[in-house]
Amino acid sequence: IRTSLFIPYRENLANRLVTLLNDAKEEDSASLGIAAGSLRNFYNFLQLNTNLKCPTISLTPEYNIYASWREDQKKLFSVLFLPNGDTRFVIFKPNDLHPERQIRISGTSTTDILMATVAPYGVCDWISE
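Residues numbered from 1 in each chain as written. Predicted model: local features only at pLDDT ≥ 70, side-chain atom pairs only at ≥ 80, totals over all residues. Heavy atoms only, no water.

*Asks:* Please clarify how the pairing of strand β3 (residues 75-81) should be interpreted in this entry.
*Replies:* Each regular strand shows side chains that alternate between the opposite faces of the sheet. Of all seven residues in β3, six are buried, a share of seventy percent or more. As consecutive antiparallel partners, strand β2 (residues 65-71) and β3 are separated by three residues, and within that stretch Asp72 has a phi angle of approximately 50 degrees, a positive value. Relative to strand β4 (residues 86-94), β3 runs antiparallel, the two being bridged by six bridges. Pairing of Leu76 across the sheet is with Phe92, part of β4. (Buried < 20%, exposed > 50% of the residue type's maximum accessible area, 1.4 Å probe, protein only. Helix = DSSP H or I, 4+ residues; strand = E, 2+ residues; numbered from the N terminus. Pairing = 2+ DSSP bridges.)

*Asks:* How should the packing of aromatic side chains be read in this particular structure?
*Replies:* Here a ring pair, both rings aromatic, is described through the centre-centre distance and the interplanar angle of the planes. Tallied over the full model, the rule gives four aromatic pairs. For the pair Phe42 and Phe81, a centre-to-centre distance of 5.1 Å together with 70 degrees between the ring planes defines the contact as edge-to-face. On the criterion of sequence distance, the pair formed by Phe42 in helix α2 (residues 36-48) and Phe81 in strand β3 is long-range, its members being 39 residues apart. The residues Phe42 and Phe81 share a single accessibility class, namely buried. Grouping aromatic residues by their ring pairs yields a cluster made of Phe42, Phe45, Trp69, Phe77 and Phe81. Residue placement shows Arg104 over the ring face of Phe92; its charged tip is 5.4 Å from the ring centre. (Phe/Tyr/Trp six-rings, centres within 6.5 Å; stacked < 30°, edge-to-face > 60°. Lys NZ or Arg CZ within 6 Å of the ring centre and 35° of its normal.)

*Asks:* What's the story with the nonpolar core in this structure? I'm lost.
*Replies:* Soluble globular proteins: nonpolar side chains tend toward being buried together. Ranked by internal contacts, the top residues of the largest apolar core, which has 28 residues, are Leu13 and Phe77. Looking at this core, the elements with two or more residues in it are α1 (10-27), α2, β2, β3, β4, α3 (114-118) and α4 (123-127). For this core, the element with the most residues is α2, which contributes four residues. Residue contacts for Phe77: discarding those within four places in its chain leaves Ala67, Ser68, Trp69, Phe89, Val90, Ile91, Leu114, Met115, Val118, Val123, Trp126 and Ile127. (Core = buried A, V, L, I, M, F, W, Y, C linked by side-chain atoms within 4.5 Å. Contact = heavy atoms within 4.5 Å.)

*Asks:* Would you mind going over unusual backbone geometry with me for this structure?
*Replies:* Residues other than glycine predominantly adopt negative phi, and peptide bonds predominantly adopt the trans conformation. Positive phi, close to 70 degrees, is recorded for Tyr63, a residue that is not glycine. Structurally, Tyr63 is set in the loop between β1 (56-59) and β2. With a phi angle near 50 degrees, Asp72 is a residue other than glycine that sits in the positive phi range. Here Asp72 is to be found in the loop between β2 and β3.

*Asks:* It is not clear to me how the sheet that holds strand β5 (residues 102-110) should be interpreted in this structure. Could you clarify?
*Replies:* Each strand in a sheet pairs with its neighbour through backbone hydrogen bonds, running either in the same direction (parallel) or in the opposite one (antiparallel). Here five strands make up an open sheet; going across it, the order is β1-β2-β3-β4-β5 and the pairing antiparallel. Pairing within the sheet leaves two strands with one partner each, and these edge strands are β1 and β5. Taking each pair of neighbouring strands and ignoring which way they run, the sheet shows an average axis angle of 15 degrees. When β4 meets β5, the two strands line up antiparallel, connected through nine bridges. Considered in β5, the bridge of Asp86 is made with Thr110. Strands β1 and β2 of the sheet are contacted by α1, whose axis makes an angle of about 20 degrees with β1. (Axes fitted to C-alpha atoms, helices over the stretch in contact; angles between N-to-C directions.)

As structure tokens, this is what we get:
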């Protein structure tokens, strides 16, 4: 990631992944730390989408990567990167007709078409540079 991704935050991203890896191994010494397939899936996603802002990254109990982009308290896009090339995503966004309410959308997609899948919901507007 440090040398092959062409994104401005690659160093910070690599450092965060190392921290997550070390934390997972500390918690369970028999663990691989990060599921290799999930990391590959996340990496492929970033290669396809180099214009994204830096996500907040965590690991699930199964050691899969969970990335989130948030803008203010009302917009959230989170993605779980599964080892098989699939993703699960959730979108929270304001309801323009009812400002006191929120729209929640969730689904599954393969990594290669994830951004096209969520584009109709305006996600690109707040997660892209």
